[in-house]
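One-letter residues, chain by chain:
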Amino acid sequence: MTQPAEILSNRVFDQLQIGDSASLTRTVGPDDITLFATVSGDTNPAHLNPVFAEKGIFGHVIAHGMWTAALVSAVLGTRLPGPGTIYLGQEIRFLRPVAPGDTITATVRVIEKRARDHRVTLETVCTNQNGKDVLSGLATVKAPDEPVSLPVTSLPEVTIRRPSRFEALIAEARALPAVKAGVVHPCSAAALRAAIEVRDEGLLDPLLIGPEAKIRALAEETGLSLDGIGIEPVAHSHAAAARAVELAVSGRVSMLVKGSIRSDELLGAVTAHGSGLRTDRRISHVYVMDVPAYAKLVMVTDANVNILPTLEQKRDICQNAVDLMHLLGVACPKVAALAAVETVNPQMPATIDAAALTAMAARGQISGAMVDGPLAFDNAISAEAAATKRITSPIAGQADILLVPNLEAGDMLAKQLIYFGNATAAGLVLGARVPIVLTGRADPMSARIASAALAKLAAARRLAALAEEE
């Protein structure tokens, strides 16, 4: 059954009585603040930048004062007096800050009527969920003369499309000379299409490593053109992984890109004894994530390679991520060593490792970063959560890198950010002599392009370092 439309009705001047009142309640969320900033042009970082706002007098992001005042306008125009009201003036005093998540009730009350011109003065008050006044003032309006009753206007759904934080990095990568990338066993439509996409985006010059007949048949079947793309023919996926390693060691390719081969098969060839790609550093996976609800790019590591890393392996995992963050222009990244609690508990090994990593960073065993832990996830990314728990930490609310205790925790955290938080995630394997792009079959094109751009930047840095050594 169709629901009846909501009706807006007004109160004309003669119907208004001293003491009449009406209210409207709204909860302010991050999107409300973003939309208000977009419409008004008020991009004051106190409303939009958690890192900046943390240093302000309130210690957190606050809503625009005029967002709260707009609720008063909404009550006047839709409730009392309602449609036909002409807003003439408003006196406002802002009494308390309004933070994301606060529920604000705006109330207007008639305190004076002037018959000669139908002017009405109303007391205006906004209170939060705790009953505290956040705004007070007086409104002057011209009340309507004619009764009005009409359906509420349907509003369109609004989707906020924020600029990708990867855009500058992708532009930087495009500006660099072409880098040869070995695409290992691209024998699925998704893998082959991805190789062509990143080529067309001006990021990589792909060399397809796999069964040539199978690759060409797949291209013809899917309508993909291989013009200008080289193929290194091998018999099967295992041979493709081995050949990819040889090509990387010889310098014919400067990075590897996972095709339809299993991750463990590719990484097994990379880490095999005598492969030539191993370094003294443990290899690890890092997701560089653009999370719309967070103020900057953040890394999650390790969510794909090391199942239950030791303390020494966590040190390498941390240093790999720190080195990549340096590449992205963050001189001293903030690393949160995550656990379920914020205190060291002998029955929770993750807390002991986190505390040890903090000490290792202080003593130079992890270089170029600030490390603190154990920290729970909420304290790492929310200064307000940390303050509520009375946690003093230079990392709280500002983490650049989230170092997880094990692969299961990392995988769940990363996928929750992707699917619940609408994050775009660029995935790389670090610690080998060349960067390795490790994307999944379900990854969107935006994630593949971001991953390729990061790998190209990392490869270019390695090549520049080798040139300096010569």
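Model, not experiment: these values are computed from the prediction.

**Regarding the overall build of the protein chain**
- The helix and strand tally for the protein chain stands at 15 helices and 18 strands.
- In terms of C-alpha radius of gyration, the protein chain reaches 29 Å, well past the compact-globule figure of 23 Å for 470 residues.
- Considering only C-alpha atoms, the protein chain reaches an extent of 95 × 55 × 45 Å along its principal axes.
- Counting all 470 residues of the protein chain, 45% fall into the buried class.
- In the protein chain, once contacts between residues fewer than 6 apart in sequence are set aside, the share between residues at least 24 apart is 71%.
- Of the roughly 23000 Å² of accessible surface on the protein chain, 53% is carried by carbon and sulfur atoms.
- One way to put it: in the protein chain the 43 positive side-chain charges average out to a point 2 Å from where the 48 negative ones average out.

**What about the confidence of the model for the protein chain?**
- Per-residue confidence for the protein chain averages 91 on the pLDDT scale, and 98% of its residues sit at or above 70.
- Considering each helix and strand of the protein chain separately, the mean pLDDT is smallest for helix H3 (residues 50-54), with a value of 78, and largest for strand S5 (residues 119-127), with 98.

**Side note on the nonpolar core**
- Within the largest apolar cluster, 58 residues are counted, with the highest numbers of intra-cluster contacts made by Phe166, Leu208, Val288 and Met299.
- Broken down by element, the residue count for this core peaks at eight residues, all from helix H15 (residues 445-469).
- Those residues in contact with phenylalanine 166, other than ones at most four positions away along the chain, are Val288, Met289, Asp290, Leu297, Thr424, Ala426, Ala450 and Leu454.
- Phe13, Val61, Val98 and Ala106 belong to the second largest nonpolar core, which has 29 residues in total.

**Focus on the side chain of lysine 258**
- Within the fold, lysine 258 resides in strand S11 (residues 255-258).
- Among the polar contacts listed, one links the side chain of lysine 258 to the backbone oxygen of isoleucine 261, at a separation of 3.3 Å.
- Sequence-distant contacts of lysine 258, that is, excluding residues within four places in its chain, are made with Val184, Ser263, Leu266, Val437, Leu438 and Thr439.

**Thoughts on unusual backbone geometry**
- The linkage connecting threonine 301 with the following residue, aspartate 302, adopts the cis geometry, with an omega of 0 degrees.
- Looking at the element boundaries, aspartate 302 is found in the loop between strand S13 (298-301) and helix H10 (311-327).
- Omega for the peptide link from glycine 373 to proline 374 comes to 5 degrees, which places this bond in the cis form.
- Inspection of the secondary structure assignment puts proline 374 in strand S15 (residues 370-375).
- You will see that histidine 118, though not glycine, has its phi angle at about 60 degrees, which is positive.
- Within the element layout of this structure, histidine 118 appears in the loop between strand S4 (103-114) and S5.
- Of note in this structure, histidine 185 is not a glycine but carries a positive phi near 55 degrees.
- As for its position among the elements, histidine 185 is in the loop between strand S8 (180-184) and helix H6 (189-200).

**Quick notes on the packing of helix H8 (residues 237-250) against helix H9 (residues 263-271)**
- It is the contact of H8 with H9, at a shortest axis distance of 9 Å, that shows an interaxial angle of 40 degrees. In terms of orientation, H8 lies oblique with respect to H9. Considering only the axes of H8 and H9, their crossing is right-handed. Packed against H8, whose contacting residues are Ser237, His238, Ala241, Ala242 and Val245, the element H9 presents Glu265, Leu266, Ala269 and Val270 at the interface.
- Of the residues in the contact of H8 with H9, the class split is six nonpolar, two polar and one charged.

**Comments concerning the sheet that holds strand S16 (residues 401-403)**
- Here we have eleven strands laid out as an open sheet, ordered S10-S9-S8-S11-S18-S17-S12-S13-S16-S14-S15, and mixed in their pairing. A single partner strand is all that each edge strand has here, and the edge strands are strand S10 (230-233) and S15.
- Judged from the four bridges that link them, strand S14 (residues 334-338) and S15 form a sheet pairing that is parallel. Its bridge partner being in S15, alanine 336 is matched across the sheet by aspartate 372.
- Contacts from helix H11 (residues 349-362) reach S14, S15 and S16, with the element oriented near 160 degrees to S15.

**Here's the deal with the pattern of salt bridges**
- A complete count under the given rule lists 24 salt bridges for this structure.
- Linking arginine 262 and glutamate 265 is a salt bridge whose minimum nitrogen-to-oxygen distance equals 4.0 Å.
- Note that aspartate 353 and lysine 314 form a salt bridge whose closest N and O atoms lie 3.0 Å from each other. With aspartate 353 in helix H11 and lysine 314 in helix H10, this pair connects stretches of sequence that are 39 residues apart. Grouping residues by exposure puts aspartate 353 and lysine 314 together as buried.
- Each of the salt bridges in this network shares a partner with another, and the network as a whole consists of Glu232, Arg243, Glu246 and Arg252.

**Observations regarding the packing of H10 against H11**
- Two numbers describe how H10 lies on H11: the axes approach to 10 Å, and their chain directions differ by 55 degrees. In terms of orientation, H10 and H11 fall into the oblique class. Read as a crossing pair, H10 and H11 show a hand that is right-handed. Residues Leu311, Glu312, Lys314 and Arg315 of H10 touch H11, and the partners they reach there are Asp353, Ala356, Leu357 and Met360.
- Residues that form the contact of H10 with H11 fall into these classes: four nonpolar, no polar and four charged.

Reading guide: rules and limits
- In this convention, every chain numbers its residues from 1, walking through the sequence in written order.
- Where totals are concerned, whole chains, interfaces and linings use all residues; where local detail is concerned, this predicted model gives features only for residues with pLDDT of at least 70, and gives and counts side-chain atom pairs only at 80 or more.
- Heavy atoms from the whole structure form the basis of all side-chain values; hydrogens and water molecules are not counted.
- Per the convention used, a helix needs a DSSP run of H or I reaching at least four residues, while a strand needs a run of E reaching at least two, with both numbered from the N terminus.
- For a compact globule the rule gives 2.2 Å times the number of residues to the power 0.38, and the radius of gyration it is set against comes from C-alpha atoms.
- Remark: exposure states derive from per-residue accessible area (1.4 Å probe, protein chains only) relative to the maximum for the residue type, with buried under 20%, exposed over 50%, and partly exposed in between.
- The contact criterion used is simple: two residues touch if any of their non-hydrogen atoms lie within 4.5 Å.
- Per-residue and other accessible areas follow the Shrake-Rupley method at a 1.4 Å probe size, with only the shown protein chains counted as cover for residues.
- Charge convention: Lys and Arg are scored as positive, Asp and Glu as negative, and His as well as the terminal groups of each chain are ignored.
- A charged residue contributes its charge at one atom only: NZ of Lys, CZ of Arg, CG of Asp or CD of Glu.
- By definition, pLDDT measures how confident the predictor is in each residue, and it falls between 0 and 100.
- Grouping buried Ala, Val, Leu, Ile, Met, Phe, Trp, Tyr and Cys residues that are joined through side-chain atoms within 4.5 Å yields what is termed a nonpolar core.
- For this analysis, a polar contact is any N or O atom pair within 3.5 Å, provided that within protein one partner can donate a hydrogen and the other can accept it, and provided that sequence-adjacent residues contribute only side-chain to side-chain pairs.
- Note on method: axes are straight lines fitted to C-alpha atoms, helices fitted across the in-contact stretch only, with angles between N-to-C directions ranging 0 to 180 degrees.
- For classification purposes, angles smaller than 35 degrees are called roughly parallel, those larger than 145 roughly antiparallel, those between 65 and 115 roughly perpendicular, and all remaining angles oblique.
- Working rule for handedness: look at the near helix, and if it is turned counterclockwise from the far one by less than a right angle, call the crossing left-handed; if clockwise, right-handed.
- Any residue outside Ala, Val, Leu, Ile, Met, Phe, Trp, Tyr, Cys, Pro, Asp, Glu, Lys and Arg is labelled polar, Gly included; the first ten of those are nonpolar and the last four are charged.
- Pairs of strands are assigned from DSSP output, requiring at least two bridges between the strands.
- Throughout this description, the term salt bridge denotes a Lys or Arg side-chain nitrogen within 4 Å of a carboxyl oxygen of Asp or Glu.

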